[in-house]
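Survey of secondary and tertiary structure
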Amino acid sequence: FLVGMELEPKVLWEMKTRLIGLGGLQVGLTTLFIASIALLFNQTIGVAITIGLIFTLSSTAIVLQTFNERSLNKTEGAKNAFSVLLFQDIAVIPMLALIPLLAIPELVEQGKALVASNQHEEVSLVAHLPGWAYGLVVIAAVSFVVIGGHFLSRPLFRFIAKSGLREMFTSTALLLVIWIAALMSLVGLSPALGTFLAGVVLANSDFKHELESHIEPFKGLFLGPYSF
């Protein structure tokens, strides 16, 4: 969320060449390389591509935290790395739509059996949906985060700001991040991607600096589990 808050849509547009060039090159070449290795081990083309797509992804949270701890955020290498990480996060959406189409029937049946056996452990809104319906749910969830972040959050924070209660502003900001992360998990998307999109949408908000200052103290605490 904080990473998204630091990137206004204008900034994203300015880095489009680096984002698409470096990020697209990394995802494309890594997928091709890993899929080629999988084919050598007699995997089907669908499974090979799926394995390749999975291995193109990395943890944005861990990498950015490492850059921050070593004061490398402003270096050219860190900017290039961030472009690649950002492209990976965005590419998750089409990947999730593509992977079910690549799955062989045996894997589909195994996946359904696994979901059925774990129903009591995990709540999902898309577990039993067909591929086309799953895609529509994903698009609807992302659209809701983007549109809701633009039109609904501003009057909410304006009302809270008028109350003058700092604790209320902090709790609302934290609940916003947690709620979006939970929504993304329910539809099978990365929680980090959803909160990142919300941060980008709110980057032009009048309450940007207040949101950053209230959530910043919790950043290290929330990233703590990623370091283990």
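Residues numbered from 1 in each chain as written. Predicted model: local features only at pLDDT ≥ 70, side-chain atom pairs only at ≥ 80, totals over all residues. Heavy atoms only, no water.

1. Overview of the packing of helix 10 (residues 166-186) against helix 11 (residues 191-201)
Going by this rule: Axis geometry follows a simple rule: fit a line to the C-alpha atoms, using only the stretch in contact for helices, then measure angles between N-to-C directions, giving values from 0 to 180 degrees. Strands here mean DSSP runs of E at least two residues long; helices mean DSSP runs of H or I at least four residues long; both are numbered from the N terminus. Roughly parallel means an angle under 35 degrees; roughly antiparallel means over 145; roughly perpendicular covers 65 to 115; every other angle is labelled oblique. Handedness of a crossing follows from how the near helix is turned relative to the far one, being left-handed for an anticlockwise turn of less than a right angle and right-handed for a clockwise one. Throughout, a contact is declared for two residues whenever any of their heavy atoms are within 4.5 Å.
One way to put it is that helix 10 packs onto helix 11 with a least axis distance of 7 Å and a crossing angle of 130 degrees. Our classification of the angle between helix 10 and helix 11 gives oblique. Judged by the twist between their axes, the crossing of helix 10 over helix 11 is right-handed. Facing Val177, Ile180, Ala181, Met184 and Ser185 of helix 10, the residues of helix 11 in contact are Pro191, Gly194, Thr195 and Ala198.

2. Here we look at the confidence of the model for the protein chain
How we decide: Predictor confidence is given residue by residue as pLDDT, running from a minimum of 0 to a maximum of 100.
Here the protein chain averages 75 in pLDDT, while 77% of its residues score no lower than 70. Mean pLDDT values over the elements of the protein chain span from 59, in helix 7 (residues 105-117), up to 88, in helix 3 (residues 16-40).

3. Remarks on helix 9 (residues 153-163)
Test applied: Under the scheme applied here, a residue whose accessible area is under 20% of the maximum for its type counts as buried, over 50% as exposed, and between as partly exposed, the area being computed with a 1.4 Å probe on protein chains only. Note that the arc is defined by the directions from the helix axis to the C-beta atoms.
Within the sequence span of helix 9, burial applies to Ser153, Phe157 and Ile160. Seen along its axis, helix 9 keeps its buried residues to an arc of 60 degrees; they face one direction. Exposed side of helix 9, more than 90 degrees from the buried face: Phe159 and Lys162 are the residues found there. Just downstream of helix 9 lies Gly164, where phi reads positive at about 75 degrees.

4. Notes on the environment of Lys16
Mapping Lys16 onto the fold places it in helix 3. The class for Lys16 is partly exposed, based on a relative accessible area of 32%. Sequence separation between Lys16 and Ser83 is 67 residues, and the spatial gap between their C-alpha atoms is 8.8 Å.

5. Describing the packing of helix 9 against helix 10
What counts, and what does not: Basically, the charged four are Asp, Glu, Lys and Arg, the nonpolar ten are Ala, Val, Leu, Ile, Met, Phe, Trp, Tyr, Cys and Pro, and anything else, Gly included, counts as polar.
Where helix 9 contacts helix 10, the two axes come as close as 9 Å, and the packing angle between them is 160 degrees. On the basis of their axis angle, the class for helix 9 and helix 10 is roughly antiparallel. Judged by residue contacts, Leu156, Phe157, Ile160 and Ala161 of helix 9 engage Met168, Phe169, Thr172, Ala173 and Leu176 from helix 10. Within the contact of helix 9 with helix 10, the residues separate by chemical class into 8 nonpolar, 1 polar and no charged.

6. With respect to the side chain of Thr56
For Thr56, the position within the fold is in the loop between helix 4 (45-55) and helix 5 (60-69). With a relative accessible area of 1%, Thr56 lands in the buried category. The contact partners of Thr56, leaving out residues within four places of it in the chain, are Gln26, Val27, Thr30, Thr31, Gln88 and Met95.

7. Concerning helix 11
Of all 11 residues that make up helix 11, 9 are buried, and the element is covered over most of its length. Among the residues making up helix 11, those that are buried are Leu193, Gly194, Thr195, Phe196, Leu197, Ala198, Gly199, Val200 and Val201.

8. Brief notes about the side chain of Thr31
With respect to the element layout, Thr31 can be found in helix 3. Setting aside anything within four residues of it in sequence, one finds Thr31 in contact with Ile49, Gly52, Leu53 and Thr56.

9. Points about unusual backbone geometry
Unlike most non-glycine residues, Asn42 shows phi in positive territory, near 65 degrees. Within the element layout of this structure, Asn42 appears in the loop between helix 3 and helix 4. Residue classification places Asn42 among the exposed residues on the basis of a relative accessible area of 72%.

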